[in-house]
Amino acid sequence: PRVGVAGWPEAPVTGDKGPSAVAGGEDCLWYVDRNGSWHPGFDCEFFTFCCGTCHQRYCCRDPLRLLTERQQRHCLAFSPKTIAGIASAVVLFIAIVTTIVCCFMCSCCYLYQRRRAPNTPLAG
């Protein structure tokens, strides 16, 4: 692949839009760089495009370097950190639910004992 600005490889142009079909004004969506730092999205001026890679973006006038919004969303959807975060949340949720269910079913657990304790009328 050809090397673009700051030594980053240029993003290949794929998808529905070819370079001649783009009128400009492609916005750069937020992204996370290789160091894990978050960068807010920004608008490119008219007749400029969002260019770069999943981890480094800038505006340019060369349609061959175009990074479409669809390509940018694909970067976000399948990043390893995103998948790891979702997997961690699912595992934590399952662990909490399992713990609660076990506490209501295990006779050594406080919640089980409290639920099974007979209601005693108050002595008056």
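Residues numbered from 1 in each chain as written. Predicted model: local features only at pLDDT ≥ 70, side-chain atom pairs only at ≥ 80, totals over all residues. Heavy atoms only, no water.

- Per an unreviewed UniProt entry, the protein goes by the name SHSA4 protein and belongs to Onychorhynchus coronatus.
- The record in UniProt for the protein states the following under Subcellular location (unreviewed entry): "Membrane". (UniProt positions renumbered as here; feature names shortened; annotations may be inferred.)

**Here's the deal with the packing of aromatic side chains**
In step 1: Under the counting rule described, the total for this entry stands at 2 aromatic pairs.
In step 2: A centroid spacing of 6.5 Å and a plane angle of 35° characterise the contact between Trp 30 and Trp 38, whose relative ring orientation is tilted.
In step 3: Considering the side-chain rings of Phe 46 and Phe 47, the 4.2 Å spacing of their centres and the 70° angle between planes classify their relative orientation as edge-to-face.
In step 4: Judged by relative accessible area, which is 56%, Phe 46 ranks as exposed. (Phe/Tyr/Trp six-rings, centres within 6.5 Å; stacked < 30°, edge-to-face > 60°. Buried < 20%, exposed > 50% of the residue type's maximum accessible area, 1.4 Å probe, protein only.)

**Digging into the pattern of salt bridges**
In step 1: A complete count under the given rule lists 2 salt bridges for this structure.
In step 2: With a closest N to O distance of 3.6 Å, Asp 62 and Arg 65 form a salt bridge.
In step 3: A residue is classified by how much of its surface remains accessible, and Asp 62, at 25% relative accessible area, is partly exposed.
In step 4: According to the relative accessible area criterion, Arg 65 is partly exposed, its value standing at 22%.
In step 5: As a salt-bridge pair, Glu 69 and Arg 73 come within 3.3 Å of each other at their nearest N and O atoms. Of this pair, Glu 69 and Arg 73 both sit in helix H1 (residues 69-77), separated by 4 residues, roughly a single helical turn.
In step 6: Classification of Glu 69 by relative accessible area gives partly exposed; the value is 21%. (Salt bridge = Lys/Arg side-chain N within 4 Å of Asp/Glu carboxyl O. Helix = DSSP H or I, 4+ residues; strand = E, 2+ residues; numbered from the N terminus.)

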